[in-house]
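Now for the letters of each chain:
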Amino acid sequence: MPLTPLDIHNKEFTRGFRGYDEDEVNEFLDQIIKDYEMVIREKKELYDRVQELEDKLTHFSNIETTLNKSILVAQETAEDVKRNADKEAKLIIKESEKNADRIINEALAKSRKVSLEIEELKKQASVYRTRFRMLLEAQLEMLNNDDWDDLSQTAEEREEEESYENI
């Protein structure tokens, strides 16, 4: 067990004949006690400082560990976000392609329908022209017929003819 300043102070030496000068020994011991107390005080202060620094080191080590974990989590989260964004982009592209195909197919179907309607209208127009031509030809035939001459006779002429016939 180490000596304390009190142990040094209370130390009694045996006296011998013609021993050391007692005052000189006591002054030297007092100086040793002061120096020893100072060393003990410095040792305690240094111990306390070491403890404080070790606590700070532990604290900062914990912060470093936490920051490293946070960085890893942030990197993983960023990668997840990127992967999800890529997936979403691919889904949007696929959906857009499907919509484009649907729109193209609808446009083609409408185009075919319009083409069929145009063909039907052409047929109807041809039939109409043919019928109209036949009607006009019939009317022209009627105009070229001699029956018109009979119709163009005046009423008087008809009466005369009728009166001759009645006689």
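Sequence order as written defines residue numbering, which begins from 1 separately in each chain. Local features in this predicted model are restricted to residues of pLDDT 70 or higher, and side-chain atom pairs are both shown and tallied only at a pLDDT of 80 or more, whereas totals for entire chains, interfaces and linings draw on every residue. Values reported for side chains reflect all heavy atoms of the structure, with hydrogen atoms and water molecules removed beforehand.

### Examining the overall build of the protein
We count a stretch as a helix when DSSP gives it H or I for four or more residues in a row; a strand needs E for two or more, and each element gets its number in order from the N terminus. What the protein contains, in helices and strands, is 4 helices and 0 strands. Moving toward the C terminus, one meets the helices and strands of the protein in the order α-α-α-α. For every residue, the accessible area obtained with a 1.4 Å probe (protein chains only) is divided by the maximum for its type, and the residue is called buried under 20%, exposed over 50%, and partly exposed between those limits. Within the protein, the fraction of its 167 residues that count as buried is 2%. Note on areas: Shrake-Rupley, 1.4 Å probe, and residue coverage restricted to the protein chains presented here. Total accessible area computed for the protein in this model is approximately 16200 Å², and 57% of it derives from carbon and sulfur atoms.

### Quick word on the pattern of salt bridges
Each salt bridge in this description consists of a side-chain nitrogen of Lys or Arg and a carboxyl oxygen of Asp or Glu lying within 4 Å of one another. Overall, the coordinates contain 6 salt bridges when judged by the stated rule. Across the salt bridge formed by lysine 122 and glutamate 119, the nearest N and O atoms sit 3.9 Å from each other. Taken together, the residues span about one helical turn, with lysine 122 and glutamate 119 both in helix H2 (residues 22-144) at a distance of 3 residues. The network of salt bridges with shared partners includes Arg49, Glu52 and Lys56.

### As for the packing of aromatic side chains
Stacked, tilted and edge-to-face are the three classes applied to pairs of Phe, Tyr and Trp rings, where Trp contributes its six-membered ring and a pair requires centres within 6.5 Å; stacked means planes under 30 degrees apart, edge-to-face means over 60, and tilted covers the rest. Scanning the entire structure with this criterion turns up 1 aromatic pair. A centroid spacing of 5.9 Å and a plane angle of 10 degrees characterise the contact between tyrosine 128 and phenylalanine 132, whose relative ring orientation is stacked. Remark: phenylalanine 132 and tyrosine 128 occur in helix H2; sequence separation between them is 4 residues, near one turn of the helix. Phenylalanine 132 gets classed as partly exposed once you look at its relative accessible area, which sits at 41%.

### So, the confidence of the model for the protein
For the protein, per-residue confidence averages 87 on the pLDDT scale, and residues scoring 70 or more make up 86% of the total. Scored from 0 to 100, pLDDT reflects the predictor's confidence in each residue. Confidence, read as mean pLDDT per element, is least for helix H3 (residues 147-152) in the protein (61) and greatest for H2 (94).

### Describing a negative patch on the surface
A surface patch of negative charge is lined by Asp21, Asp23, Glu24, Glu27 and Asp30. With respect to the helices and strands, aspartate 23 occurs in helix H2. Assessed through its relative accessible area of 52%, aspartate 23 is described here as exposed. Within the patch definition used here, like charges are joined within 9 Å and nonpolar side chains (Val, Leu, Ile, Met, Phe, Trp, Tyr) within 5 Å, considering only residues with over 30% relative accessible area and no salt bridge. Charge counting treats Lys and Arg as positive and Asp and Glu as negative, with His and both chain ends excluded. Think of each charge as sitting on NZ of Lys, CZ of Arg, CG of Asp or CD of Glu.

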